[in-house]
Amino acid sequence: LRLLSAVLSVVSVIGCWALARVLFQDRRAALVAALLLAGWPPAVHMGRLALPNNADAALGLVGLTCWVYGLQRGGRWVWVVGGVALGGAHYFYEGGKLLLSAVMMLWLLVEWRRVWVQRHGVVTGVLVALVIAAPVYVYFGLAGEPFTQRLGETTTITAINWIGPLLLLFGGAD
């Protein structure tokens, strides 16, 4: 498992470089972003653990990079790869389930003109992500388990008045 975690960390650094390269169109900014992530102590620590704690970050960076590239330049394959990566991030931790989907939907709303131009690719990517992520939510629905198990168990978060109803709405607290 340590090798898997190290590989996922390398994918995260490469994904960070690629996302910065696509967003800023600048090699120097991409290199600085990748070096900052590679030297960031929490990222180094996660890369050395024998747990796949950084899987959703690696898949999320790959997915976001593909979808941003797809918005800028088109190409159906980047939407499919991005959909597979973003859908696969739902199999790991809450960050992949809650944060990545929200960030991508916000990005698509902000870039609505480009989304309209690339609408066929966007629909393809979203459908692929839904198909990949669907088995997780089917399992949670059939088993009667909340899909944010760890977040629902945190008593500090569930005690906050405005987060409690949101967790109940999304099945995170009992």
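Presented here is a report on the structure given in the accompanying data block. (Residues numbered from 1 in each chain as written. Predicted model: local features only at pLDDT ≥ 70, side-chain atom pairs only at ≥ 80, totals over all residues. Heavy atoms only, no water.)

1. Points about the overall build of the protein chain
Heads up, the rule is: Each helix is a run of DSSP H or I of at least 4 residues and each strand a run of E of at least 2, with the numbering of both proceeding from the N terminus. Accessible area is worked out with a 1.4 Å probe on protein chains only. A residue is then buried under 20% of its type maximum, exposed over 50%, and partly exposed in between. Here a residue-residue contact requires only that any non-hydrogen atoms of the pair lie within 4.5 Å. Areas reported as accessible are Shrake-Rupley estimates using a 1.4 Å probe. Residue values count occlusion only from the protein chains shown.
From N to C terminus, the protein chain includes 11 helices and zero strands. Counting from the amino terminus, helix and strand elements in the protein chain follow one another as α-α-α-α-α-α-α-α-α-α-α. Taken over 174 residues, the protein chain has a buried fraction of 37%. Considering only residue pairs separated by 6 or more positions, the protein chain has 66% of its internal contacts joining residues 24 or more positions apart. Accessible area for the protein chain stands at about 10500 Å²; split by element, carbon and sulfur atoms hold 72% of it.

2. A short note on the pattern of salt bridges
Inclusion rule: Note on definitions: salt bridges are taken to be side-chain nitrogens of Lys or Arg within 4 Å of carboxyl oxygens of Asp or Glu.
If you walk through the whole model with that rule in mind, you get one salt bridge. Put simply, glutamate 111 and arginine 114 hold a salt bridge, and the shortest N to O gap is 3.5 Å. Classification of arginine 114 as partly exposed rests on a relative accessible area of 37%.

3. Let's talk about unusual backbone geometry
A positive phi angle is found at glutamine 25, which is not glycine, with a value near 55 degrees. Of the residues examined, glutamine 25 reaches a relative accessible area of 45% and is grouped as partly exposed.

4. What about a nonpolar patch on the surface?
Using the following cut-off: Each patch is assembled from residues with relative accessible area greater than 30% and no salt bridge, linking like charges that lie within 9 Å and nonpolar side chains (Val, Leu, Ile, Met, Phe, Trp, Tyr) that lie within 5 Å.
A cluster of nonpolar residues, Trp17, Leu31 and Leu35, forms a patch on the protein surface that exposes about 310 Å² of accessible area. As for its placement among the helices and strands, leucine 31 is situated in helix 2 (residues 27–39). Judged by relative accessible area, which is 47%, leucine 31 ranks as partly exposed.

5. Notes on the packing of aromatic side chains
Heads up, the rule is: For Phe, Tyr and Trp, where Trp contributes only its six-membered ring, two rings pair if their centres lie within 6.5 Å, and the inter-plane angle classes them as stacked under 30 degrees, edge-to-face over 60, or tilted in between. Charges are assigned to positions over rings by a cutoff of 6 Å between ring centre and Lys NZ or Arg CZ, combined with an angular limit of 35 degrees from the ring normal.
Scanning all chains against the criterion turns up three aromatic pairs. An aromatic cluster is defined as three or more aromatic residues linked by ring pairs; in this entry it consists of Tyr137, Tyr139 and Phe140. Its end group placed over the ring of tryptophan 116, arginine 119 keeps NZ or CZ at 4.3 Å from the ring centre.

6. Concerning the environment of valine 136
Tracing the chain through its elements places valine 136 in helix 8 (residues 119–143). Valine 136 sits in the buried class, given a relative accessible area of 9%. With 44 residues separating them along the chain, valine 136 and phenylalanine 92 place their C-alpha atoms 9.8 Å apart. Excluding residues that lie within four positions of it along the chain, valine 136 makes contacts with His90, Tyr91 and Lys97.

7. Remarks on helix 8
Our working definition: Multiplying 1.5 Å by the residue count of a helix minus one yields the expected span of that helix. To get the bend at a given residue, fit one axis to the seven residues ending there, fit another to the seven starting there, and take the angle between those axes.
With 25 residues, helix 8 extends 35 Å between its outermost C-alpha atoms, agreeing within 8% with the 36 Å of an ideal straight helix rising 1.5 Å per residue. At alanine 133, helix 8 shows its largest bend, some 40 degrees, and a proline, proline 135, comes one to four positions later. For helix 8, the secondary structure elements touched by its buried residues are helix 4 (55–73), helix 5 (76–88), helix 6 (94–110) and helix 7 (112–117). Looking one or two places after helix 8, you find glycine 144, whose phi comes out positive at around 75 degrees.

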